[in-house]
Amino acid sequence: MSDSGVLHIKGRVLVGADPDAVRDELWAVGGRITFERPAGARDVTTIEGWALPGLVDAHCHVGLDAHGPVDESTSEKQALTERDAGALLLRDAGSPSDTRWIDDREDLPRIIRAGRHIARTRRYIRNYAHEIEPEDLVAYVAREARRGDGWVKLVGDWIDRETGDLSACWPRGEVAAAIAEAHRLGARVTAHCFAEETLAPLVEAGIDCIEHATGLTEETIPLFAERGVAIVPTLVNIATFPRLAEGGEAKFPRWADHMRRLHARRYDTVRAAYDAGVPVFVGTDAGGSLAHGLVGQEVAELVKAGLPPVAALAATTWSARAWLGRPGLEEGAPADLVVYGTDPRADIRVLGSPSRVILRGRVVR
C-alpha cells in the first residue's frame, strides 16, 4: 500500500450522474477530498484517468461461505477481493461472523452490517441464520437492529418441504410488528425474497428493501414504486437458478419449475421495475456460494437487463452511496475512489479493470 502524502487526481472526476457533474481534478489530503489546490504541498503524486466514488456492493456477505461462518483470515481475503475490484463500501446483508475488527483496518473497505439473518426454523441454509418461530420475531429483530449498522435482514421466503415450492416464512401481523420495532430503533429492514406471493405483505408492512425480488409482477411493481421500496436484484446470483433447479428437481419438481420461470424473466422483471421508478441498486450476493469481487459483472448485468449505462453506474456509485447515507466525491469526504483508464459511462466493462484503487487517500491497488 502506498502512503504518498498528497494525491492529485487529474482528468475527469465524475461527481454525479448528470453529464455536467464532472470536475477536472481533486486532491486527497490527510485522507480527505478537496477540490482546492493545497498550498505548499510536497510529495504530490499525480494519477490521471476517469475517477468514480468507491463502488458499492449493496448485498454481499463478509465472514460467510457456503457452509457458514469463516475465520478472520478468510474474511480478510473476502474484503481484500472486494477492495481490489473497486468495491469500497459494502452492505453486508447477513453474516454470522463478527467482522467489527475490519473497522480498525485502514486498508479494508467500509462495511454497513445488517447483523445475522433471521429465518424461520428449518427454512434457510444451515449455519447461516437465527432460526426462530414467529412469536420470537420482534425480539430477534430488535436484537439485530441494536447489533447492526442500521439494517436488519429477514429471510422472507424459502422452500416449504410440505408444499414442495417457495412460500412466505412469516405471518403478516408478526412481520409488521417486527418492522415497526426496527424502525423505532432507527434501523431499516430488508428481506430475501424469490417468490411472488411474499412481496405485497412485506411492502404493506413497511419494509424498506427487497433482495433479489425475482417475484415482482405488474401487480406488485406499482406498489414498490408508490412506497419507494428499493430492490437489489443480484443478477449474478439469479444466473445460478437453472443449476439449483437441476439439483433439486427430483425431490421438488414444483420448486425447480418455479425457479426456472423466475430465471427466464429476470431481465424483464428488473427493467419493468426500473421503468416504473423503483430504486434499483447493485449487489452481488457474494460470500455464500459466489466469489467476491463481482461488482463490475453485476453492473453489466443491469445494463443487459435494459438499464441505461449511467443508471446502472449510479446504482453502484452516487445513488447507492446516497441511499446508504455515505458521501461520494464531495469536499471533505473520505478519499475513497476508483480510477479507470477510459470513461466507464461509455463502456461499462471498464469497471472490471480499475487502474487505481484509492482508500482513505492511499493507493491500495
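Overview of the structure. (Residues numbered from 1 in each chain as written. Predicted model: local features only at pLDDT ≥ 70, side-chain atom pairs only at ≥ 80, totals over all residues. Heavy atoms only, no water.)

**A look at the pairing of strand β19 (residues 356–359)**
As paired strands, strand β18 (residues 337–340) and β19 are joined by 3 bridges and run antiparallel to one another. Residue pairing for β19: V338 is matched across the bridge by V357. One ladder, built from 2 bridges, connects β19 with strand β20 (residues 362–363); its direction is antiparallel. Bridge pairing links I358 to V363 in β20. Taken together, β19 and the strand that follows it, β20, pair antiparallel across an intervening segment of 2 residues, in which R360 is found at a positive phi of about 55 degrees. (Pairing = 2+ DSSP bridges. Helix = DSSP H or I, 4+ residues; strand = E, 2+ residues; numbered from the N terminus.)

**Examining the nonpolar core**
One broad trend across soluble globular proteins is that nonpolar side chains are buried collectively. Judged by nonpolar contacts, the single largest core of 90 residues is most densely connected at L137, L154, I207, I210, F224 and L302. In contact with I210, other than residues within four places in its own chain, are T190, A191, C193, L199, L202, F224, V229, A230, I231 and V232. Core analysis: the next-biggest nonpolar cluster, separate from the first, contains 16 residues, V13, A28, F35 and A333 among them. (Core = buried A, V, L, I, M, F, W, Y, C linked by side-chain atoms within 4.5 Å. Buried < 20%, exposed > 50% of the residue type's maximum accessible area, 1.4 Å probe, protein only. Contact = heavy atoms within 4.5 Å.)

**Some details on the pattern of salt bridges**
Oppositely charged side chains may form a pair once their charged atoms are brought near each other. Per the counting criterion, the structure on display carries 23 salt bridges. Close ionic contact of R261 with D257 constitutes a salt bridge, the shortest N to O distance being 3.0 Å. With R261 and D257 both in helix α8 (residues 253–264), this residue pair falls 4 residues apart, about one helical turn. Given a relative accessible area of 38%, D257 falls into the partly exposed group. A salt bridge links D343 to R345; the nearest nitrogen and oxygen atoms lie 3.1 Å apart. The exposure class of D343 is buried, given its relative accessible area of 16%. Through salt bridges that share partners, R100, D103, R113 and D149 make up one connected network. (Salt bridge = Lys/Arg side-chain N within 4 Å of Asp/Glu carboxyl O.)

**A few points about the environment of V357**
Inspection of the secondary structure assignment puts V357 in strand β19. For V357, a relative accessible area of 0% puts it in the buried group. Measuring from C-alpha to C-alpha, the distance between V357 and G54 comes to 8.0 Å, with 303 residues separating the pair along the chain.

**Quick look at the sheet that holds strand β3 (residues 32–34)**
In space, the 7 strands of this open sheet follow the order β3-β2-β1-β4-β18-β19-β20, with mixed pairing throughout. The sheet is open, and its two edges are formed by β3 and β20, each paired on a single side. Alignment of strand β1 (residues 6–14) against strand β2 (residues 22–29), held across 6 bridges, turns out to be antiparallel. In the sheet register, L7 faces β2, and the bridge partner there is A28.

**A closer look at a positive patch on the surface**
On the surface, R122, R126, R161 and K251 cluster together into a patch of positive charge. Its place among the elements puts R161 in the loop between β13 (157–160) and β14 (165–168). For R161, a relative accessible area of 47% puts it in the partly exposed group. (Patch = residues over 30% accessible without salt bridge, like charges linked within 9 Å, V, L, I, M, F, W, Y side chains within 5 Å. Areas by Shrake-Rupley, 256 points an atom, 1.4 Å probe, with all protein chains shown as cover. Lys, Arg positive; Asp, Glu negative; His and termini not counted. Charge placed at Lys NZ, Arg CZ, Asp CG, Glu CD.)

**A few points about the layout of surface pockets**
To locate leftover empty space, one rolls a probe as large as a water molecule over the atoms. Approximately 980 Å³ is the volume found for the largest pocket. Among the elements of the structure, β13, α7 (241–248) and α8 are those that each provide at least two residues to the lining of the largest pocket. Looking at side-chain class alone, the lining of the largest pocket contains 15 nonpolar, 12 polar and 7 charged residues. Lining the second largest pocket are 16 residues, and of these S95, S97, D98, G115 and R116 sit closest to its centre. When residues in the lining of the second largest pocket are grouped by element, the largest group, 3 residues, is from helix α2 (residues 137–147). Classifying every residue of the lining of the second largest pocket by side-chain character gives 2 nonpolar, 6 polar and 8 charged. (1 Å grid on protein atoms, 1.4 Å probe; cavity = no way out; pocket = protein on both sides within 12 Å on 5 of 7 lines; lining within 4 Å. Points joined across faces, edges and corners; volume = space filled by probe spheres on them. Nonpolar A, V, L, I, M, F, W, Y, C, P; charged D, E, K, R; others polar.)

Purely spatial values, then, with no claim about function.
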